[in-house]
Amino acid sequence: MGPFNLSRVTALAMLLSLTPTVDSANNLASVSHRLGRFGGIVSQSLRSWKGGSLPRRRGDVCGSVRAMGASRPPERRRAEIYEKSWEWFNPVVKYQLDEAEHLSLNREDQGADVSSKPLLVYVPGIDGSGLTPLAQFAELSRYYEVVCMGFQGKDRSTFNDIRERVANRISNAKSENRTVYLMGESFGGTVALSIAMGDPKALQTPDRLILINSASCFDRTFLGRISPALINLPEPFFSLAVMPVAFTIFDTDMFSNIAKIARGDYPEILASQARQEFVARLYPKLLQKMLLSSNDLKWRVQNWILPGCAEVNSRLREIQIPVLAVAGTSDLLLPSEEEANRFKDEIPNCRVELIKGAGHAGVIDHRTDLRALIHRWLLE
């Protein structure tokens, strides 16, 4: 995969993620109109990926807007059957990092048995994809067995459901005498904080905690304060109200970094051809998983983020395990830098790492070597 192709998919990932909800043909048509000529570029680029076609959501998310709206009969749209749909997955296994590179990851420092490595459990943000750290997976997998929690759009898990699943995963690993690090990004940070509270010797408590732009501060933002009212808005008013929020997840450095990749200037964590191809394969998967309906997004705000904030914000001093809080200094969605410093003040053993110029989505993109940050923290 050449440099141009990878940068093209990076740009598409950023472009399409401007659509926080895709609830109807009209909503997507409005977004397509705003993006103008980019709509055709997105469609053509994704369909020409590697000379083939991507796995498509019903109605082809990058194809005809009208086709998507007409793909489900009205009675099906009126009577959605919501099922709990989630999974644990190892990203370098599921998405087939090049075999030679993958084998070298398993041998790195820890021997051939991947189970001899510490377990790094990743809980995602509100998108639920489990894929946003895609640029970090290969490098992290040199030293850890990485397992990610992922959700389908129609999943109707509650905060307590998610917390229990993560706690059980940690308990199972620690019962086998494994070292476990828990990493939560954005919403996942509230889950991670909740699990870390209480007895540090409990089987479900991880050995260390890593927080990435934690959304535990969401209820103190303007958006958080008005979210109960927003959730009750009908369509198309809800989608119109939240659409501008999507623009706050980016930062200007993301675009300059894309330009560097377009010139073939790859960061160290993506230095190998295998890693570049791995990341390029994951971007379309991430795009598909980020397309949430309005009802999906409403559910996750009401039943994930708000209960998570209520659970953890008054109890930070209960956390006794070491914590690494990573935050971008240019996060326009959440006051992440302020929140990281609050953790440092209230959690007894907390180190803060600030990523200069990074927005909400930029902290763990390819500009950051997350494995190196963790390694320095472990050496303290």
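Quantities reported herein were computed from a predicted structural model and do not represent experimental measurements.

Asker: I'd like a rundown of the sheet that holds strand E7 (residues 350–355), residues and numbers included.
Answerer: On the basis of which strands lie adjacent, the open sheet formed by 7 strands has the order E1-E3-E2-E4-E5-E6-E7 and mixed pairing. Of all strands in the sheet, those with a lone pairing partner are strand E1 (86–89) and E7, marking the two edges. Strand-to-strand twist across the sheet, computed as the mean angle between neighbouring axes with direction ignored, equals 15 degrees. As defined by bridge partners, strand E5 (residues 208–212) adjoins strand E6 (residues 323–328) across 4 bridges and the pair is classed as parallel. Paired with Ile212 across the strands is Val326, a residue of E6. Contacting E1, strand E2 (119–123), strand E3 (145–151) and strand E4 (180–185), helix H9 (residues 159–174) runs over the sheet at an angle of about 160 degrees to E3.

Asker: Can you tell me about the packing of aromatic side chains, naming the residues and giving the values?
Answerer: For the structure on display, the rule yields 6 aromatic pairs. For the pair Trp86 and Trp88, a centre-to-centre distance of 6.4 Å together with 85 degrees between the ring planes defines the contact as edge-to-face. For the pair Tyr144 and Tyr181, a centre-to-centre distance of 5.7 Å together with 65 degrees between the ring planes defines the contact as edge-to-face. Of this pair, Tyr144 sits in the loop between helix H8 (137–140) and E3 while Tyr181 sits in strand E4, and the two are 37 residues apart along the sequence. Taken together through their ring pairs, the aromatic side chains of Phe151, Phe159, Phe187 and Trp304 make up a single cluster. Residue placement shows Lys94 over the ring face of Phe89; its charged tip is 5.0 Å from the ring centre.

Asker: Tell me what's going on with the packing of helix H10 (residues 187–196) against helix H15 (residues 294–312), and back it up with residues and numbers.
Answerer: Closest axis-to-axis distance for the H10/H15 pair is 9 Å, and the angle between their directions is 35 degrees. As H10 runs across H15, the sense of the crossing is left-handed. Note on element contacts: H15 touches H10 through Trp304, Ile305, Gly308, Cys309, Glu311 and Val312, opposite Phe187, Thr190, Leu193 and Ser194. Its residues assigned to classes, the contact of H10 with H15 comprises 6 nonpolar, 3 polar and 1 charged.

Asker: With reference to specific residues and values, describe helix H16 (residues 336–346).
Answerer: Within the sequence span of H16, burial applies to Ser336, Glu339, Ala340, Arg342 and Phe343. When H16 is viewed along its axis, its buried side chains cluster within an angular range of 155 degrees and face the same direction. Away from its buried face by more than 90 degrees, H16 exposes Glu338 and Asp345. Taken together, the buried residues of H16 touch H10, E5, E6 and E7.

Asker: Can you lay out H9 for me, pointing to particular residues and giving the numbers?
Answerer: Because each turn of an α-helix spans 3.6 residues, side chains separated by three or four positions end up pointing in the same direction. Over its 16 residues, H9 extends 23 Å from the first C-alpha to the last, a length consistent with the 22 Å expected when each residue adds 1.5 Å. Among the structural elements, E1, E2, E3, E4, H10 and H15 are those in contact with the buried residues of H9.

Asker: How would you explain unusual backbone geometry if you had to name every residue and give the values?
Answerer: For the bond running from Glu235 to Pro236, omega is 5 degrees, close enough to zero to count as cis. Topologically, Pro236 is positioned in the loop between helix H11 (222–231) and helix H12 (237–242). For Asn177, which is not glycine, the phi torsion reads 65 degrees and is therefore positive. Within the secondary structure, Asn177 is located in the loop between H9 and E4. Looking at Asn177, the relative accessible area reads 74%, which means it is exposed. Of note in the backbone geometry, Asn213 takes a positive phi value of approximately 45 degrees without being a glycine. By the element assignment, Asn213 lies in the loop between E5 and H11.

What counts as what
Residues numbered from 1 in each chain as written. Predicted model: local features only at pLDDT ≥ 70, side-chain atom pairs only at ≥ 80, totals over all residues. Heavy atoms only, no water. Pairing = 2+ DSSP bridges. Helix = DSSP H or I, 4+ residues; strand = E, 2+ residues; numbered from the N terminus. Axes fitted to C-alpha atoms, helices over the stretch in contact; angles between N-to-C directions. Contact = heavy atoms within 4.5 Å. Phe/Tyr/Trp six-rings, centres within 6.5 Å; stacked < 30°, edge-to-face > 60°. Lys NZ or Arg CZ within 6 Å of the ring centre and 35° of its normal. Left-handed = near helix turned anticlockwise from the far one by under 90°. Nonpolar A, V, L, I, M, F, W, Y, C, P; charged D, E, K, R; others polar. Buried < 20%, exposed > 50% of the residue type's maximum accessible area, 1.4 Å probe, protein only. Arc of directions from axis to C-beta. Expected span 1.5 Å × (residues − 1).

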